[in-house]
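Okay, here's what each chain looks like letter by letter:
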Amino acid sequence: MIVPTSRFGMVEVDPAEIFIFAQGIPAFEDLRQFFFQPIPDNPAFTWLQAVDDPEVAFLMVDPFLFFPGYEVEIPDSLQRDLEIKDAADVLVLAVVTVPDGDVRRMTANLVAPVVINKKARLGRQFIMEGTRYTTRHPLFRDQG
């Protein structure tokens, strides 16, 4: 299928590569279908693009690459909702913010990770409670 996007133009997407977010994403609850738009030569980051709104795409990062001690405990109810049966099927990503377009000031939201069951093609962003993490962890240390 061909999906129009504002950032990447017309993108051909295999319907089998679409992830279903049954509850949408906070503030975008009406959008339920997303796909990954990789960033060439930068496997640490990817875009999570909405199928039904060309303007909506979230820059995502593998938080474990930047924050090795990062821990996510996936509640049993979320594991059931996402049909998670094997840890190998789970992908955890963090939404990235780029303040004023300055990549040196990028931050990751570690409080509300996006959890995806790669096998079942299901995903959800959830808010961890009682965590020491914040919504704006700097990806890069201050260069000076």
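For every chain, the first residue of the written sequence is number 1, and numbering continues from 1 onward in sequence order. Confidence filtering applies because this is a predicted model: local features only for residues at pLDDT of at least 70, side-chain atom pairs given and counted only at 80 or more, and all residues used for totals across whole chains, interfaces and linings. In computing side-chain values, all of the structure's heavy atoms are included and hydrogens and water are not.

> An account of the pattern of salt bridges is requested, with residue identities and associated values reported.
A pair can form between side chains of opposite charge whenever their charged atoms are brought close. When a carboxyl oxygen of Asp or Glu lies within 4 Å of a side-chain nitrogen of Lys or Arg, that pair is called a salt bridge. The tally for this structure, following the rule as stated, stands at four salt bridges. In this structure, Asp100 engages Arg105 in a salt bridge whose closest nitrogen and oxygen atoms are separated by 3.4 Å. Looking at Arg105, the relative accessible area reads 42%, which means it is partly exposed. Burial classification: accessible surface area is computed with a 1.4 Å probe over protein chains only, and a residue below 20% of its type maximum counts as buried, one above 50% as exposed, and the rest as partly exposed.

> Pulling in residues and values, what's your account of the pairing of strand β9 (residues 114-117)?
Secondary structure elements follow DSSP: runs of H or I no shorter than four residues count as helices, runs of E no shorter than two count as strands, and numbering proceeds from the N terminus. By the alternation rule, side chains of β9 split into Val114 and Ile116 and Val115 and Asn117, which are all buried. Pairing between strand β7 (residues 90-97) and β9: four bridges, direction antiparallel. What sits directly across from Leu93, in β9, is Val114. Strand pairing is assigned whenever DSSP detects at least two bridges linking the two strands. Of the pairings in the sheet, the one linking β9 to strand β10 (residues 122-125) comprises four bridges and is antiparallel in character. Paired with Val115 across the two strands is Arg124, which belongs to β10.

> Pulling in residues and values, what's your account of the environment of Val92?
Tracing the chain through its elements places Val92 in strand β7. On a C-alpha basis, the gap between Val92 and Asp14 in space is 22 Å, while along the polypeptide they are 78 residues apart. Only heavy atoms matter for contacts: two residues are in contact if any of them lie within 4.5 Å across the pair. With sequence-adjacent residues up to four places away left out, Val92 is seen in contact with Asp62, Pro63, Phe64, Tyr70, Val72, Pro113, Val114 and Val115.

> Could you give me a rundown of the packing of aromatic side chains, with the residues and numbers involved?
Two measures describe an aromatic ring pair: the distance that separates the ring centres and the angle between the ring planes. Each aromatic pair joins two rings of Phe, Tyr and Trp (for Trp, the six-membered one) with centres within 6.5 Å, and gets the label stacked for planes under 30 degrees apart, edge-to-face for over 60, and tilted for any other angle. Tallied over the entire structure, the rule returns nine aromatic pairs. Between Phe66 and Phe140, the aromatic rings sit 5.8 Å apart at their centres with planes inclined by 85°, giving edge-to-face as the arrangement. Residue Phe66 is located in helix α1 (residues 63-66), and its partner Phe140 is located in the segment after β11 (137-138); the two are separated by 74 residues in the primary sequence. On the basis of relative accessible area, Phe66 is assigned to the partly exposed category, the value being 23%. Owing to a relative accessible area of 34%, Phe140 belongs among the partly exposed residues under this scheme. Taken together, the ring pairs in this structure connect Phe21, Phe28, Phe34 and Phe58 into an aromatic cluster. Any Lys NZ or Arg CZ that is within 6 Å of a ring centre and within 35 degrees of that ring's normal is treated as a charge sitting over the ring. Over the face of the ring belonging to Phe19 we find Arg121, whose NZ or CZ atom lies 3.9 Å from the ring centre.

Keep in mind these numbers describe shape, not what the thing actually does.
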